[in-house]
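Structural description and commentary
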Amino acid sequence: MTVQEQVCTLEQAIKLKELGCEQNTSIFYWYKNELYFNGKITNFTPVVGRQCADAYTVAELGEMLGWLTAQVKCSIDKSTEKWFIHDSTGGFLSFPTEAQARAALLIHILQLK
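Owing to the predicted nature of the structure, the values given are computational and were not obtained by experimental measurement.

Examined against the element boundaries, Ile14 turns out to sit in helix 1 (residues 10-18). Remark: the alpha-carbon pair of Ile14 and Trp30, spanning 16 residues in sequence, is separated by 8.8 Å.

To continue, consider the packing of aromatic side chains. The full count for this structure, using the stated rule, is two aromatic pairs. On the numbers, 6.0 Å between centres and 65° between planes, the contact of Phe28 with Phe37 is edge-to-face. Classification of Phe28 as buried rests on a relative accessible area of 15%. Residue classification places Phe37 among the partly exposed residues on the basis of a relative accessible area of 44%. Taken together, a centroid distance of 5.4 Å and an interplanar angle of 20° make the contact between Tyr29 and Tyr36 stacked.

Bringing the pattern of salt bridges into the picture now. Using the criterion set out here, one finds one salt bridge in the structure. A salt bridge links Glu98 to Arg102, with the shortest nitrogen-to-oxygen separation between them at 3.0 Å. With Glu98 and Arg102 both in helix 4 (residues 98-112) and four residues apart, the pair spans about one turn of that helix.

One can describe the packing of helix 1 onto helix 4 by two numbers: an axis separation of 10 Å at closest approach and a directional angle of 30°. Regarding the angle of helix 1 to helix 4, the classification is roughly parallel. Crossing handedness for the pair helix 1 and helix 4: left-handed. For the pair helix 1 and helix 4, the contacting residues are Gln12, Lys15 and Leu16 in the first and Gln100, Ala103, Ala104, Leu106, Ile107, Leu110 and Gln111 in the second. Among the residues making up the contact of helix 1 with helix 4, the classes are represented as six nonpolar, three polar and one charged.

With that settled, consider unusual backbone geometry. Its identity is not glycine, yet Asn24 carries a phi of approximately 60°, on the positive side. Residue position: Asn24 is located in the loop between helix 1 and strand 1 (28-31). Its identity as a non-glycine residue notwithstanding, Asn33 has a phi of 70°, on the positive side. Within the secondary structure, Asn33 sits in the loop between strand 1 and strand 2 (34-37).

Rules of the game
- Residues numbered from 1 in each chain as written.
- Predicted model: local features only at pLDDT ≥ 70, side-chain atom pairs only at ≥ 80, totals over all residues.
- Heavy atoms only, no water.
- Helix = DSSP H or I, 4+ residues; strand = E, 2+ residues; numbered from the N terminus.
- Phe/Tyr/Trp six-rings, centres within 6.5 Å; stacked < 30°, edge-to-face > 60°.
- Buried < 20%, exposed > 50% of the residue type's maximum accessible area, 1.4 Å probe, protein only.
- Salt bridge = Lys/Arg side-chain N within 4 Å of Asp/Glu carboxyl O.
- Axes fitted to C-alpha atoms, helices over the stretch in contact; angles between N-to-C directions.
- Parallel < 35°, antiparallel > 145°, perpendicular 65-115°, else oblique.
- Left-handed = near helix turned anticlockwise from the far one by under 90°.
- Contact = heavy atoms within 4.5 Å.
- Nonpolar A, V, L, I, M, F, W, Y, C, P; charged D, E, K, R; others polar.

Right, here's the structure in full:
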């Protein structure tokens, strides 16, 4: 599995940034359509601008969602290799990766505030 498959998309990262998610906290970040390791182990100078945003991992998104992940079912369909978020009404959304599914859920919750 590639790193790109383990983080939210650039579009989701920018949306999460616009919705107020803390920046320069993830171990990866997007800058102009390229994914970078932010250098938590090495020296890192944050890049600023609209096209730069944290590329949150599945684990980081899980921490941000907190207790909500226990109330929303997230599963994978092995035949299509798509991730699904199931809500209490029986509806669902599908995404190519778990990170994208979690990021979409977080975006939805933040937009409801």
